[in-house]
Structure formats: C-alpha cells, structure tokens
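Residues per chain are reported as follows:
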Amino acid sequence: MEEGFGQFRAPPESHLEFSGQAQDLLGYLEEVVEYGKAQGIMDTLSLVQIAIDEAPPLTRKLWCFLIVNIPVLEQWDSFEALVTLQYPEIKPAKDILKHFEEFYSYLNEACHSELSSVPALGDYLRQF
C-alpha cells in the first residue's frame, strides 16, 4: 500500500440543522460560519450554499429566491441580513437598513426598467 493514500480525507459530513424557526436562525447562521472555518471555507458563495443546502425544503426555496433576486452578494453579512429580514419576530443581529435600502433600490430600478413589461420587451426585440 502506498503512503500517499492516507493523506487524503473526505471532509466530515455536516451536522448543521436549522429547524426553520426564527429563534434558531442566528445560531444556525453562526454554526454555518464555524463549519466553514473548520473546512477552510470562507468565501461567501460557498457559505451561502452550505446554509441553503442544510436548511429545510421551504426555507431553502425562500433563500434561493432571495439570492437570485439581489444584484450582488459580496459578503456573508449581506446574506445574513437579507435572511434575517424574513423573520420579523426576531431582532436583526446586524444593521440591516443599508442592505434593505440597497435591495429596495434594486427592486425600484427593475420595476422602472424599459423592459419591465412583456409589451416593452416585445418592442425592444422587434428592433433587432
């Protein structure tokens, strides 16, 4: 048997669990960060993917919808703030006003875009 084979190990399975309940959210998000650190994973997209993968099915759908509809997700704190907004019964852990304003600004721009309706899109495409 060659010595090199013993050096490679599969990452341990994640034992992260989120109940879907608001009171468990902040603890779950902290566990995701700790799990990422233990695995050497600190980039935002990977942490978000871990958080989504280990969430209950309906929560997973909601969070996927949220991240698809924001322009850029650059920091874990942005994801954490956005997710926290979905649980009004808990006090947000971070200052989320800045993130909310960015998200609202993006939605406002999207609604007033020249291509925000099917007829407008059709007119645009007919030009080509």
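Everything below is about the structure shown above.
To start, this report covers the structure provided alongside it. (Residues numbered from 1 in each chain as written. Predicted model: local features only at pLDDT ≥ 70, side-chain atom pairs only at ≥ 80, totals over all residues. Heavy atoms only, no water.)

## Focus on the pattern of salt bridges
Here the structure, examined in full by the defined rule, presents one salt bridge. Where Lys37 meets Glu34, a salt bridge forms, and the shortest distance between an N and an O atom there is 3.8 Å. Highlighted residues: Lys37 and Glu34, both in helix H1 (residues 22-39), separated by three residues, approximately one helical turn. Using a relative accessible area of 48% as the deciding quantity, one classes Glu34 as partly exposed. (Salt bridge = Lys/Arg side-chain N within 4 Å of Asp/Glu carboxyl O. Helix = DSSP H or I, 4+ residues; strand = E, 2+ residues; numbered from the N terminus. Buried < 20%, exposed > 50% of the residue type's maximum accessible area, 1.4 Å probe, protein only.)

## Thoughts on the packing of helix H2 (residues 44-53) against helix H3 (residues 57-68)
Any two packed helices are characterised by the angle at which their axes cross and by the distance between the axes. It is the contact of H2 with H3, at a shortest axis distance of 9 Å, that shows an interaxial angle of 150 degrees. It follows from the interaxial angle that H2 and H3 lie roughly antiparallel. Across the interface between the two elements, Val48, Ala51, Ile52 and Asp53 from H2 touch Arg60, Trp63, Cys64 and Ile67 from H3. The residue makeup of the contact of H2 with H3, split by class, is six nonpolar, no polar and two charged. (Axes fitted to C-alpha atoms, helices over the stretch in contact; angles between N-to-C directions. Parallel < 35°, antiparallel > 145°, perpendicular 65-115°, else oblique. Contact = heavy atoms within 4.5 Å. Nonpolar A, V, L, I, M, F, W, Y, C, P; charged D, E, K, R; others polar.)

## Looking at H3
In this model H3 runs 17 Å from its N-terminal to its C-terminal C-alpha over twelve residues, within 8% of the 16 Å that 1.5 Å per residue would give. Of the residues making up H3, those classed as buried are Thr59, Trp63 and Leu66. Seen end-on, H3 carries its buried residues on one side only, within an arc spanning 55 degrees. Among the exposed residues of H3, those oriented more than 90 degrees off its buried face are Pro57, Leu58, Lys61, Phe65 and Val68. On the buried face of H3, the contacting elements are H1, H2 and helix H4 (76-84). (Expected span 1.5 Å × (residues − 1). Arc of directions from axis to C-beta.)

## Regarding a nonpolar patch on the surface
On the surface, a nonpolar cluster with roughly 280 Å² of combined accessible area is contributed by Leu121, Tyr124 and Leu125. Its place among the elements puts Leu125 in helix H6 (residues 118-126). Taking relative accessible area as the criterion, Leu125 reaches 53% and is therefore assigned exposed. (Patch = residues over 30% accessible without salt bridge, like charges linked within 9 Å, V, L, I, M, F, W, Y side chains within 5 Å. Areas by Shrake-Rupley, 256 points an atom, 1.4 Å probe, with all protein chains shown as cover.)

By themselves, these observations are geometric and do not establish any function.
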